[in-house]
There are 2 protein chains.
Amino acid sequence: MSDIERLVKQITPKSEDFSKWYVELILKAELADYAPMKGMMVIRPYGYAVWENIQRLLDRRIKDSGHVNAYFPLFIPESYLQKEAEHVAGFSPEVAWVTVGGKEELEERLAVRPTSEAIIGPMYSKWIKSWRDLPVLINQWANIVRWEKVTRLFLRTTEFLWQEGHTCHETAEEAHEETLKILDMYKEFVETELAIPVLAGRKTLREKFAGAQMTYAVEAMMSDGKALQMGTSHNLGQHFSKAFNIRFEDRAQNLQYVWQTSWGMTTRLIGAVIMAHGDDSGLRFPPHVAPTQVVVVPISVGNWRETVLPAARAAAETLRKSGLRVEVDAREEYTPGWKFAEHEMRGVPLRVEIGPRDVKAGQAVLVRRDLRTKEIAALPDLPARVPALLEEIQACLFGEAKRFLDENVRDVRTLEQFKDVLENKRGFVRAPWCGSEACEERIKNETMATIRVIPFEDDGKPVDGGCVCCGVPGRILAHFARAY
Amino acid sequence: MSDIERLVKQITPKSEDFSKWYVELILKAELADYAPMKGMMVIRPYGYAVWENIQRLLDRRIKDSGHVNAYFPLFIPESYLQKEAEHVAGFSPEVAWVTVGGKEELEERLAVRPTSEAIIGPMYSKWIKSWRDLPVLINQWANIVRWEKVTRLFLRTTEFLWQEGHTCHETAEEAHEETLKILDMYKEFVETELAIPVLAGRKTLREKFAGAQMTYAVEAMMSDGKALQMGTSHNLGQHFSKAFNIRFEDRAQNLQYVWQTSWGMTTRLIGAVIMAHGDDSGLRFPPHVAPTQVVVVPISVGNWRETVLPAARAAAETLRKSGLRVEVDAREEYTPGWKFAEHEMRGVPLRVEIGPRDVKAGQAVLVRRDLRTKEIAALPDLPARVPALLEEIQACLFGEAKRFLDENVRDVRTLEQFKDVLENKRGFVRAPWCGSEACEERIKNETMATIRVIPFEDDGKPVDGGCVCCGVPGRILAHFARAY
């Protein structure tokens, strides 16, 4: 077995066992690792670089839409968490509690924040007095703790990183608009930067955020046909403003409770990028969020250190000056073939090979990670060609994922068809639903599928056919799937 | 009392009561607020924007020097914290403990990280096998919890934000070099970006980090004459690699323990910026980290909305295009005079006033926050003049702070002189010290001053005169001060 085969064979093929492939790839590519405590993970530098790119690209959108960042405490006194009844019921089973500070038992337990509504509420109550103080448009980048029994790297861990927006508005309409505006922003962000197409719409009441009036979500499909919730935007109505007494004097000088929203995206997006785009040879990062966008591999033959390496370094420098994230792989101890396989596994979108003949010809070979196609470019053309090629790769990955999504939304009319699709094809099942929680529950128990989203484009339209579960006339066309 | 007087009078003058001034200014400028729990604070958007600027400017330096970011767990099992004896002794009095997860009592308590050596150690032990894996140069941006009885906004809070570097090296020399390289980087960063001059050198063993072999620090002087530790860089030697079994096969194929460093800077830097530069009228932000660098105030007379405001907006847009952080204050409900006072209080480095006559003359009035001097600039000259003026302000603030520091380092030979300086003048006291912990302790008890730093330029030089405390020949010239 050659070194290269050994490298690739260390990872179970995706087609053979998706879950094993996912975990082995994450460990092998050094994106993350298990921490010694159950449920906890470490995000290694190569994985954290993806998060930094996500942060930068999402933070820019958050700020461009008028929001500002702040930082609220990690701990929430138990009495605050209890102020909104549905909220505490939803979150208390998964809270980590601090009971000792220094050498002292605390009089009141402190929750390590499972989300921050209950610590932000009291501050807003203090800061907001008048309609002139509104809207409040604050976002926070923070770590979150929700106790988990099982660990799924990036997807389900006791601690994760996220951003959480928390806004206050004068009217119900404004809060509604903000909720939808953010969902739009999430959709545009995920599709443009992560190259993952999503369905945007509302959640059912069963699936909504504990304490929200209505939850909206963007849902994607991973390449194994399971759904992944990519981000949520909640219209909180006045639930928390009443619980925390966040009131303002309105324009007619009446005291009113503010209308609120909250919304978040997490480090699970890194898991989504892996699962949506990866293949049997490893990761395939969309160029916009790839830690390394271009790897330059000098072909190590003869006196390559004197001839090829300087050319490779010069090419890399030129590309860096165009603002690209570029690596030169000048390691002595590995063959070019090994390096090719390794950078494919690591998902680097574009490989630039430069050998002795290329140096003489003043050219380089460009190899795309997504399609594995090659082309030759003159060295002076690299600063124009490489960024264009990276955009082609970004578009190509999105196109592939979009085709996969479109092909894997299936309409069914009966529960038998429903089960058949989930057993044999996976993907989204689109079916009429009567709107009752009983049917939603029964479908979940029998198929392990939940209503992921009621897309805006279907919402409110007349539905043809009876509820896929009970047969009474369907009111809503819902997208069901098994989900992460 | 006019509105403007009322605005300024809400803040106690700095000269009257420094501590009150500090707190009132932070609350009034909305940099931060007290959280409802003892010891905890909220960093409000205007304060968090300073932190974001610090992060961006420091992160760039951390990466340019070859380090990469990662993320390690918030929780550390108690048994890990106990592995390095001095470390646990130093930190356990201030740890917050998680004892309940979900509904279950935990078998082992989890510390909310007071620093991350004890959770990073086990991971490094797993990842590092050979000299080829070295050096490991990892940094983390994270929140930290150390239980505090008292709250001093930004300076001493139960939770704070920081960056912590954790590196591993093949040799003791390399670790030593890294420790000093980082200290240099910190000094350059603080002086260039925060405009605060520092003394760089080593700490005494009494003042070193719990578990370090040697701690180095950059120390600054606040404008009340008290010292503030701005950042520390620790040479950990093999203390933690032995505790966590972090070993590598060296170039001669022998198993060796790695040599480590760790280093950090925190949100207390925001407090330093306030205390080093602020004056009776409020904050004075150095332009490099100011949330808003330029505020454009249209003078609201006559039909200003049609004439002056468009000119103000155009000027702001031009400046934004040069990459500056610019605000236009177009509020109807406040007079220009009120706005001037408010933006002075908020520390905006430069105010651009545009009135009807300025519009006609095609000019603007530029008013510096630091010196309050005015100049007139033609509107087309703004993109060149404003950035240059901001650099002048940055340099001027540094110069002022440097003069203050230089004037407030005083040499003493006796404990009486020592006490006299601290009582009547504050600042740093430079004095010969015998090197004994007994004298260090006695001085602290009698004067409340500690050895802040033994600057490199003094270190190892022959010392003239006996120990300021016991009189035996002095070995070390130390800088003492009362400190935050």
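Residues numbered from 1 in each chain as written. Chains lettered and ligands numbered in written order. Predicted model: local features only at pLDDT ≥ 70, side-chain atom pairs only at ≥ 80, totals over all residues.

## Brief notes about the overall build of chain A
So, point 1. Per the secondary structure count, chain A includes 15 helices and 23 strands.
So, point 2. What you see for chain A is a C-alpha radius of gyration of 25 Å, in line with the 23 Å of a compact globule of 484 residues.
So, point 3. Principal axes of the C-alpha set define a box for chain A whose edges measure 80 × 55 × 45 Å.
So, point 4. Across the 484 residues that make up chain A, the buried fraction comes to 49%.
So, point 5. In chain A, 69% of the contacts between residues at least 6 apart in sequence involve partners at least 24 apart. (Helix = DSSP H or I, 4+ residues; strand = E, 2+ residues; numbered from the N terminus. Rg over C-alpha atoms; globule rule 2.2 N^0.38 Å. Buried ≥ 20, exposed ≤ 12 C-beta atoms within 10 Å, placed from the backbone. Contact = placed C-beta atoms within 7 Å.)

## A word on the environment of A220 of chain B
Residues and elements named next belong to chain B.
So, point 1. Residue position: A220 is located in strand β10 (residues 214-221).
So, point 2. It is 9.5 Å that separates the C-alpha atoms of A220 and A401, two residues lying 181 residues apart in sequence.
So, point 3. If we skip the residues at most four places from it in the chain, A220 touches V190, I196, P197, V198, L228, M230, A272 and A276.

## Topic: the domain arrangement of chain A
So, point 1. If you check the domain split of chain A, you get domain 1 (3-277), domain 2 (294-389) and domain 3 (409-481).
So, point 2. Once you take the C-alpha centre of each, domain 1 of chain A and domain 2 of chain A turn out to be 39 Å apart. (Domains from an automatic or database assignment.)

## Quick look at the relation of the copies chain A and chain B
So, point 1. Once turned by 180 degrees and shifted 0.0 Å along the axis, chain A lies on chain B with an RMSD of 0.0 Å. Both copies are brought into coincidence by an operation consistent with a two-fold rotation axis. Among all C-alpha atoms of chain A, that of V98 of chain A lies closest to the rotation axis, at 2.1 Å.
So, point 2. Here 100% of the contact residues of chain A are again contact residues in chain B; the copies associate through an equivalent surface. (Least-squares fit on C-alpha atoms with pLDDT ≥ 70 in both.)

## Regarding the sheet that holds strand β21 (residues 428-433) of chain B
Paired through their backbone hydrogen bonds, the strands of a sheet run either parallel or antiparallel.
Residue and element names in this part refer to chain B.
So, point 1. Taken together, the eleven strands give an open sheet; going across it, the order is β3-β7-β8-β14-β11-β10-β9-β22-β23-β21-β20, and neighbouring strands pair in mixed fashion. On the outer flanks of this sheet lie β3 (68-69) and β20 (409-411), each paired with one strand and no other.
So, point 2. Summarising the sheet, strand β11 (residues 227-237) and strand β14 (residues 259-266) pair through five bridges and their orientation is antiparallel. Residue pairing for β14: N235 is matched across the bridge by T261.
So, point 3. Where helix α7 (residues 172-193) meets the sheet, it contacts β8 (159-169), β9 (199-202), β10, β11 and β14, and its direction lies at approximately 165 degrees from that of β11. (Pairing = 2+ DSSP bridges. Axes fitted to C-alpha atoms, helices over the stretch in contact; angles between N-to-C directions.)

## Quick word on the sheet that holds strand β18 (residues 363-368) of chain B
Residues and elements named next belong to chain B.
So, point 1. Taken in spatial order, the five strands of this open sheet run β16-β15-β17-β18-β19, and their pairing is mixed. Strands at the two margins of the open sheet, each flanked by one partner only, are β16 (326-328) and β19 (374-378). Across the sheet, the mean angle from the axis of one strand to that of its neighbour is 25 degrees, orientation sign disregarded.
So, point 2. For strand β17 (residues 350-354) and β18, the ladder comprises four bridges, and the chain directions are antiparallel. Bridge assignment links V352 to a residue of β18, and that residue is L366.
So, point 3. Across the sheet, helix α13 (residues 382-407) is in contact with β15 (294-298), β17, β18 and β19; its angle to β17 comes to roughly 145 degrees.

## Details of the environment of E423 of chain A
All names here are of chain A.
So, point 1. Mapped onto the secondary structure, E423 falls in helix α14 (residues 415-424).
So, point 2. For E423, a count of 9 C-beta atoms within 10 Å corresponds to the exposed category.
So, point 3. Spatially, the C-alpha atom of E423 lies 8.8 Å from that of T447, the residues being 24 residues apart in sequence.

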